[in-house]
Amino acid sequence: MDKLYQEAIEIITAVKSHVTPDTDVDETRYESVEELILALDNYIQALNKTDDTVIVDIYILFLPTASFCELAMSNGWADEYLILAEQFDVIYKKHNSPVNRFLRTITSVLRK
């Protein structure tokens, strides 16, 4: 597995480590803690399969005032959120570099 995906999995796993049955999800896009956990598990599963379509989705969740930001602010781990968001921003930029976009295009064509 590409290092980029492994790093993304580690970041999502770090987010998941803060989720407990008492996690406040009121200011997020999730209706319940169970829905949040399911979404995190689905992201991890997609990243394990090197499904790059979830990179943008996760990036959006890390934006200021988006769900992961609100989750962290409401549950007392805002400082770690800032670190995780910065780390994911680096992954997103690498993922969308011209070289990586070219390689994904070539790989897609070759798979057909």
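For the structure, check the block above.
Now for a quick tour of the structure. Since we're looking at a predicted model, the values are computed, not measured.

With that settled, consider the overall build of the chain. On a plain count of helices and strands, the chain comes out with 6 helices and 0 strands. A total of 112 residues make up the chain; the buried ones form 35% of that total. Long-range pairs, those at least 24 residues apart, make up 60% of the contacts in the chain with a sequence separation of at least 6. Put simply, the chain shows about 6800 Å² of open surface, and 54% of that area lies on carbon and sulfur atoms.

Next up on the list: the pattern of salt bridges. Applying the stated rule across the entire model yields 3 salt bridges. For K16, the salt bridge is made with D41, and the minimal N-O distance between the two is 2.4 Å. Within this pair, whereas K16 is found in helix 1 (residues 3–17), its partner D41 is found in helix 2 (residues 33–48), the two being separated by 25 residues in sequence. On the basis of relative accessible area, K16 is assigned to the partly exposed category, the value being 29%.

If you look at the biggest cluster of nonpolar residues, it comprises 34 residues, and the most contacted ones within it are I12, L47, I58, F62 and F68. Elements with a contribution of two residues or more to this core: helix 1, helix 2, helix 3 (53–62), helix 4 (67–75) and helix 5 (78–95).

The contact between helix 3 and helix 4 brings their axes to 4 Å, and the two run at 40°. Considering their axes alone, helix 3 and helix 4 lie oblique with respect to each other. Touching I58, L61 and F62 of helix 3 are S67, F68 and C69, all from helix 4. Tallied by class, the residues present in the contact of helix 3 with helix 4 amount to 5 nonpolar, 1 polar and no charged.

This part is about the packing of aromatic side chains. All chains considered together, the criterion is met by 4 aromatic pairs. Both rings, one in F62 and one in F68, keep their centres 4.9 Å apart while their planes meet at 75°; by these two values the pair is edge-to-face. With a centroid separation of 6.2 Å and 20° between ring planes, the pair formed by F62 and Y81 is classed as stacked. Taken together, the residues span a long stretch of sequence, with F62 in helix 3 and Y81 in helix 5 at a distance of 19 residues. Side by side, F62 and Y81 carry an identical accessibility label, which is buried. Put simply, the rings of F62, F68, Y81 and F88 touch in pairs and so form one group of aromatic residues.

Angle between the axes and distance between the axes are the two parameters that describe a pair of packed helices. At a minimum axis separation of 10 Å, helix 1 and helix 5 run at an interaxial angle of 155°. Classified by the interaxial angle, the pair formed by helix 1 and helix 5 is roughly antiparallel. Here helix 1 runs over helix 5; the crossing is left-handed. For the pair helix 1 and helix 5, contact is made by L4, Y5, E7, A8, I11, A14 and V15 and by E80, L84, Q87, F88, I91, K94 and H95, respectively. For the contact of helix 1 with helix 5, the per-class residue count stands at 9 nonpolar, 2 polar and 3 charged.

Calculation rules
Residues numbered from 1 in each chain as written. Predicted model: local features only at pLDDT ≥ 70, side-chain atom pairs only at ≥ 80, totals over all residues. Heavy atoms only, no water. Helix = DSSP H or I, 4+ residues; strand = E, 2+ residues; numbered from the N terminus. Buried < 20%, exposed > 50% of the residue type's maximum accessible area, 1.4 Å probe, protein only. Contact = heavy atoms within 4.5 Å. Areas by Shrake-Rupley, 256 points an atom, 1.4 Å probe, with all protein chains shown as cover. Salt bridge = Lys/Arg side-chain N within 4 Å of Asp/Glu carboxyl O. Core = buried A, V, L, I, M, F, W, Y, C linked by side-chain atoms within 4.5 Å. Axes fitted to C-alpha atoms, helices over the stretch in contact; angles between N-to-C directions. Parallel < 35°, antiparallel > 145°, perpendicular 65-115°, else oblique. Nonpolar A, V, L, I, M, F, W, Y, C, P; charged D, E, K, R; others polar. Phe/Tyr/Trp six-rings, centres within 6.5 Å; stacked < 30°, edge-to-face > 60°. Left-handed = near helix turned anticlockwise from the far one by under 90°.

Remember, this is a structural readout, not a statement about activity or role.
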